[in-house]
Amino acid sequence: MAGVNVKSEIKPLKKVLLHRPGDELLNLTPDTLEELLFDDIPFLRVAQAEHDRFAEILRSEGVEVVYLEDLVAEVVASSKDLREQFVYQWIEEAGIRTERYKKIIHDYLEENYPDPKELVLKTMAGINLQELHVNKSDSLVDLVSDTCKLVCAPMPNLYFTRDPFAMIGNGVSLNHMYSETRNRETIYGEYVFKYHPDYKDVPLYYSRYNTFHIEGGDILNINDKVLAVGISQRTEPDAIDQLAHNVFNDPTSTIETILAFNIPNSRAFMHLDTVFTQIDTDKFTVHPGIMGPLTVFEVTSDGNQGLKVRERNEPLEHILEEYVGCPVELIPCGGGDRIAAAREQWNDGSNTLCLRPGTIVVYERNDVTNEVLREKGLNVLEMPSAELSRGRGGPRCMSMPIWRED
């Protein structure tokens, strides 16, 4: 199953990419929560157990689970030159500017992390000053710095593999993310899609070096002809224009229409997939806050390598019915109860991962929404989420499908 094939949100999932939470969560502190986009500090051991249960559910349903850290480690192990290139690029992107510290960190990683996977995991976890055992007597900066100071910041959001890159049909959008903290995560996607033998030939629809930001949580594959993208807190319309040009001008792409959904710009509505996801051929979960008229822009090719954009001011279900090809039902998070909806939306009640039509993985804590979904005939697979949910992302956020059956 080399390459990628994702032309739907609901067709049978055969292969998925995850990242098991690691020591990067141990480098979260109350002082760095805001900078690192967390609201609280998850308990790592429990978070890992919850994530392992997530992977077990996927495997029990016939899904092959691959891990981001393993793919990057395979690239790093393939060539000494690639390993060197990766380490120096990671150091540069971590904000290390002085030649002295570039050498210190490079030597520290080479001496202490010869194993490729351990090296990759360490780059995800970050490095603090006390690990480096530097001679402080020849540096004023080092002498006045706290020994717990993070020299290279951790990447605690990495277990949300949906965002740094996104599969679109047989191609990939390697994203330029909203925050500097998360944009560093895309280095791993760059090495996978540039050098890994299974993925290096995948068409690139967006580059991490592009100017405008876009994130995978805003990208939904409605079907092989229609792509939905959210204009959100973290995805700019300029990026959607660039993505549309690249998708429409790729002769191997089958996508004819991009629907750009203009969603509220707030942390509660961080991405499109936090406010609506497809769970069956005719069913979507939605947050009640976007029910009713929603501005949607229909983007198509003008036939001359340009774009045509048309504003659609109609109820969401009418637009979805047109492109899904059948009447659809919108199932509100919390069953329409405003208090339950607000609470369970905060814990990603509408952020579900569909394994096949009608079978979805959800957080067990959203019991009101989950009961409504069961009443609607869905096969609801619950996973524990006491700690994982502290990162503000659900099962869809924590997974990047690589292959779905057509």
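In the block above lies the structure referred to throughout.
Just so you know, these numbers come straight off a predicted model, no measurement behind them.

Enquirer: Got a sec to walk through the environment of Pro-327? Specific residues and values, please.
Expert: Its location among the elements puts Pro-327 in the loop between helix H11 (316-324) and strand E15 (329-332). Residue Pro-327 is classed as exposed on the basis of its relative accessible area of 62%. Pro-327 sits 44 residues away from Lys-283 along the chain, and the two C-alpha atoms are 8.9 Å apart. In contact with Pro-327, not counting residues within four places along its chain, are Asp-282 and Glu-321.

Enquirer: Tell me about the side chain of Ser-389, residues and numbers included.
Expert: Topologically, Ser-389 is positioned in the loop between strand E18 (379-383) and strand E19 (400-404). Under the relative-accessibility criterion, Ser-389 is labelled buried at 1%. Only 2.6 Å separates the side chain of Ser-389 from the backbone oxygen of Ser-385, close enough to count as a polar contact. For Ser-389, the residues in contact, after removing those within four places along its chain, are Asn-347, Tyr-363 and Arg-365.

Enquirer: Give a description of the side chain of Lys-102 that names residues and reports values.
Expert: By secondary structure assignment, the location of Lys-102 is in helix H4 (residues 99-112). Judged by its relative accessible area of 16%, Lys-102 falls in the buried class. Once residues within four sequence positions are removed from consideration, Lys-102 is found in contact with Ile-91, Glu-92, Ile-96 and Arg-97.

Enquirer: For the sheet that holds E15, give the residues involved together with the corresponding values.
Expert: The strand order E11-E12-E15 describes an open sheet built from 3 strands, whose pairing is mixed. The open sheet has two free edges, formed respectively by strand E11 (276-280) and E15, since each of these has just one partner strand. Taken pair by pair, the neighbouring strands of this sheet meet at an average axis angle of 30°, ignoring direction. Taken together, the 4 bridges between strand E12 (residues 283-286) and E15 define a ladder with parallel strand orientation. Considered in E15, the bridge of Thr-285 is made with Ile-331.

Procedures and definitions
- Residues numbered from 1 in each chain as written.
- Predicted model: local features only at pLDDT ≥ 70, side-chain atom pairs only at ≥ 80, totals over all residues.
- Heavy atoms only, no water.
- Helix = DSSP H or I, 4+ residues; strand = E, 2+ residues; numbered from the N terminus.
- Buried < 20%, exposed > 50% of the residue type's maximum accessible area, 1.4 Å probe, protein only.
- Contact = heavy atoms within 4.5 Å.
- Polar contact = N/O pair within 3.5 Å; in protein donor to acceptor, adjacent residues only side chain to side chain.
- Pairing = 2+ DSSP bridges.
- Axes fitted to C-alpha atoms, helices over the stretch in contact; angles between N-to-C directions.

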